[in-house]
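# Observations on the model geometry
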Amino acid sequence: MPGRKPLEHVFTFCGEGDRGCPDLFLDHDADEARRVVIVDDHGARIQMSLAQLHALVSDVKDGALDRILPAEVS
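Criteria and cut-off values
- Residues numbered from 1 in each chain as written.
- Predicted model: local features only at pLDDT ≥ 70, side-chain atom pairs only at ≥ 80, totals over all residues.
- Heavy atoms only, no water.
- Helix = DSSP H or I, 4+ residues; strand = E, 2+ residues; numbered from the N terminus.
- Buried < 20%, exposed > 50% of the residue type's maximum accessible area, 1.4 Å probe, protein only.
- Areas by Shrake-Rupley, 256 points an atom, 1.4 Å probe, with all protein chains shown as cover.
- Disulfide = S-S within 2.5 Å.
- Pairing = 2+ DSSP bridges.
- Axes fitted to C-alpha atoms, helices over the stretch in contact; angles between N-to-C directions.

### Digging into the overall build of the chain
Scanning the chain for helices and strands turns up one helix and four strands. Its helices and strands taken in sequence order, the chain reads β-β-β-β-α from the N to the C terminus. Every one of the 74 residues in the chain was classed for burial, and the buried ones make up 18%. Total accessible area on the chain is roughly 6000 Å²; 55% of this is exposed by carbon and sulfur atoms.

See the structure below:
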């Protein structure tokens, strides 16, 4: 698409060992509901709004995923 801005890379979430690293991007040309883009190491992508990302981060900080994560990761 002519005139389309490239995705803005925000962060890489690196795991352990030989696992790939998902990347977080902002797509400034997308509508607000799809502005945040997360691409996994297989190339699959999800898109969400900044509000949805904020809610996700808040839930994680509040312990929403603690039950599925090991108590300590070395």
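### Notes on the state of the cysteines
Inspection of every chain in the model, using the stated rule, returns one disulfide. Covalent S-S linkage joins Cys14 and Cys21, the inter-sulfur distance amounting to 2.3 Å. Between Cys14 and Cys21 the sulfur-sulfur dihedral comes to about 100°; the bridge is accordingly right-handed. On the basis of relative accessibility, which here comes to 24%, the residue Cys21 falls in the partly exposed class.

### Section: the sheet that holds strand β4 (residues 45-48)
If you walk across this open sheet you meet the four strands as β1-β2-β3-β4, and the pairing is antiparallel. With one partner strand each, in any of the chains shown, β1 (8-12) and β4 form the two edges of the open sheet. Within the sheet, the average angular offset between the axes of one strand and its neighbour, ignoring direction, is 25°. Pairing between strand β3 (residues 36-39) and β4: four bridges, direction antiparallel. The partner of Val37 across the bridge, within β4, is Gln47.

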